[in-house]
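Residue-level structural notes
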Amino acid sequence: MELEESDLLTTEVAGLRLRNPFVLASGILGNTASLLRRAEAAGAGAVTTKTILPEPTKGYENPVVVELPFGLINAMGLPNPGIDEFEIELREARSDLTIPIIASAGGGSPEEVAHVAGRLEDAGADAVEINASCPHVRRHGLEIGSSPELIEELVREVRGSVRVPLLVKLTPMVPDIASLARAAVRAGADGLTAINTVKAMYIDVEAMAPVLSNAVGGLSGPAIRPIAVRAVYEVSRFGDVIGTGGVETWRDAAEMLLAGARAVGIGTAVMTRGLRVFSEIGEGLTSYLRKKGLTLPELVGRGRRDC
Ligand SMILES: Cc1cc2nc3c(=O)[nH]c(=O)nc-3n(C[C@H](O)[C@H](O)[C@H](O)COP(=O)(O)O)c2cc1C
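Report follows, based on the coordinates. (Residues numbered from 1 in each chain as written. Predicted model: local features only at pLDDT ≥ 70, side-chain atom pairs only at ≥ 80, totals over all residues.)

Considering helix 1 (residues 33-42)
Heads up, the rule is: Partly exposed residues are those whose C-beta has more than 12 but fewer than 20 other C-beta atoms within 10 Å; with 20 or more the residue is buried, with 12 or fewer it is exposed, and the C-beta atoms are placed from the backbone. Strands here mean DSSP runs of E at least two residues long; helices mean DSSP runs of H or I at least four residues long; both are numbered from the N terminus. Directions from the helix axis toward the C-beta atoms define the arc.
Residues of helix 1 that are buried: Leu36, Ala39, Glu40 and Ala42. Taken down its axis, helix 1 places every buried residue within 165° of arc, on the same side. In the stretch just after helix 1, Gly43 is the one whose phi turns positive, near 115°.

And the structure:
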């Protein structure tokens with residue numbers, strides 16, 4: 001069933017107006033215009049593309065995903081069409097979809113990320129999300145994403161090449177995520193996406209070896225939700241947040257909003273349960289808001305002790 005359009009769920013995040021707070025997270029169904037269109041039809045309030053790199057890349061050999069009872073570990077290696085090919089896909093998506101498209105930009109240096117970001121904007125992205133937090137690809141994440149100084153340099157560079165709203169996707173694998181958020185906003189970010197996956201490993205005890213071809217991957221899904229909620233709680237003082245990590249039900253979405261998120265990213269649940277999660281979570285959250293007699297903006301941050 002399609003999500004019922006309702007003013008009750010309308011939200012604004014980093015200058016984007018969304019019909020509902022549910023954002024398809026990066027890396028899930030974000031490779032083609034037709035998949036993004038399916039997410040819109042299923043009820044998403046916005047979609048995020050796969051992280052796009054300057055050049056095409058193959059990614060790692062299989063296996064690249066392990067499914068566990070409490071989430072997934074993936075090490076895809078950022079398989080990628082590259083910006084030349086993806087631009088065509090993004091133009092098509094922009095002419096088809098009515099909801100905002102957030103384009104995720106990556107690269108091996110601030111200049112490369114800025115170049116990709118500028119071209120994504122030219123191809124119609126409504127916002128750019130900098131992926132500074134991929135835990136399993138060298139040069140595309142954590143080396144930059146765990147240092148406030150390097151985040152600041154990266155965001156300044158990208159800010160110089162895009163006018164649309166700029167989000168920065170943060171890693172939780174640092175002692176002080178607030179310092180990353182502060183640095184990103186100081187350098188010109190309009191919002192934050194928290195969190196990316198958490199570095200993890202799964203060993204098959206029969207084979208006596210790690211299952212993923214890259215051995216190490218990123219954990220997502222229900223296992224990381226409490227980490228994501230804590231991260232959202234800590235960073236939403238500094239700017240608008242898309243709270244992402246382990247959201248599967250309307251209760252999980254409500255928890256993110258109560259922690260201070262203005263929108264809620266959904267990734268793994270789309271893979272494990274299908275696109276119907278958007279309408280299911282939407283219906284549940286609508287009933288909850290009605291019961292509480294609140295609008296969505298009134299819910300945002302209400303679970304914070306410092307409010
Ligand atoms: C298979 C897979 C691929 C992903 N690819 C990307 C990506 O390309 N760029 C990115 O910023 N995050 C990527 N992520 C991270 C998600 O966008 C999200 O931050 C994370 O999975 C936590 O949310 P979830 O528990 O709802 O999946 C990926 C996650 C998964 C499971």
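A look at helix 8 (residues 250-259)
An α-helical segment advances 3.6 residues per turn. Residues three or four places apart therefore align on the same side. Test applied: Contact between two residues is assigned when their C-beta atoms, built from the backbone, lie within 7 Å.
In terms of burial, helix 8 is largely enclosed, as eight of its 10 residues are buried. Of the positions making up helix 8, those classed as buried are Trp250, Asp252, Ala253, Ala254, Glu255, Met256, Leu257 and Ala259. Summarising the contacts, the buried residues of helix 8 are in contact with helix 7 (225-235), strand 15 (240-244), strand 16 (263-266), helix 10 (277-292) and helix 11 (296-299). Downstream of helix 8 by a residue or two, Gly260 has a phi angle that is positive, lying close to 125°.

Notes on the packing of helix 7 against helix 8
Here is the rule: To get an axis, fit a line to the C-alpha atoms, keeping to the stretch in contact for a helix; angles then go from 0 to 180 degrees between the N-to-C directions. Under this scheme an angle from 65 to 115 degrees is roughly perpendicular, one under 35 degrees roughly parallel, and one over 145 degrees roughly antiparallel; angles in between are oblique. Each crossing gets its hand from how the near helix is turned against the far one by less than a right angle, where anticlockwise is left-handed and clockwise is right-handed. Three classes are used, and their members are as follows: Ala, Val, Leu, Ile, Met, Phe, Trp, Tyr, Cys and Pro are nonpolar, Asp, Glu, Lys and Arg are charged, and the others, Gly among them, are polar.
Packing of helix 7 against helix 8 leaves a shortest axis separation of 8 Å and a crossing angle of 25°. When the interaxial angle is binned, helix 7 and helix 8 end up roughly parallel. The crossing of helix 7 and helix 8 is right-handed. Of the residues in helix 8, those in contact with Arg225, Val229, Val232 and Tyr233 of helix 7 are Asp252, Glu255, Met256 and Ala259. Its residues assigned to classes, the contact of helix 7 with helix 8 shows five nonpolar, no polar and three charged.

Some details on unusual backbone geometry
A cis amide bond, omega -5°, links Asn62 with the succeeding residue Pro63. Between Ala194 and Ile195 the backbone carries a cis peptide bond, its omega angle lying at 20°. Its identity is not glycine, yet Ala14 carries a phi of approximately 50°, on the positive side. On the secondary structure map, Ala14 appears in the loop between strand 1 (11-13) and strand 2 (16-18). According to the C-beta neighbour criterion, Ala14 is buried, with 24 such atoms within 10 Å. In this structure, Leu78 is a non-glycine residue whose phi angle is positive, near 50°. In this fold, Leu78 is placed in the loop between strand 6 (71-74) and helix 2 (83-96). Residue classification places Leu78 among the buried residues on the basis of 21 C-beta atoms within 10 Å.

As for the pairing of strand 14 (residues 216-220)
Note the cut-off: For two strands to count as paired, DSSP must find a minimum of two bridges between them.
In terms of residue burial, strand 14 counts as a mostly covered element, since four of its five residues are buried. Of the strand pairs in this sheet, strand 11 (residues 198-201) and strand 14 are connected by four bridges, and their pairing is antiparallel. When the sheet's bridge partners are listed, Met201 is paired in strand 14 with Val216.

So, the site of the ligand
Our working rule: Whether a residue is near a molecule or strand depends on its C-beta atom, generated from backbone atoms, being within 6 Å of that molecule or strand.
Residues in contact with the ligand amount to 28 residues; listed here are only the nearest, Ala25, Gly27, Ser220, Gly267 and Thr268. Where the shell around the ligand is concerned, the elements lending two or more residues are strand 6, strand 16 and helix 9 (268-273). The residue inventory of the shell around the ligand, partitioned by class, reads 10 nonpolar, 16 polar and two charged.

Focus on the sheet that holds strand 5 (residues 65-68)
With antiparallel pairing, four strands are arranged side by side in an open sheet as 5-6-14-11. Each of the sheet's edge strands pairs with one partner strand only, and the pair in question is strand 5 and strand 11. Shown here is a sheet whose adjacent strand axes are inclined to one another by a mean of 35°, direction ignored.

Function cannot be read off these values alone, since they describe shape.
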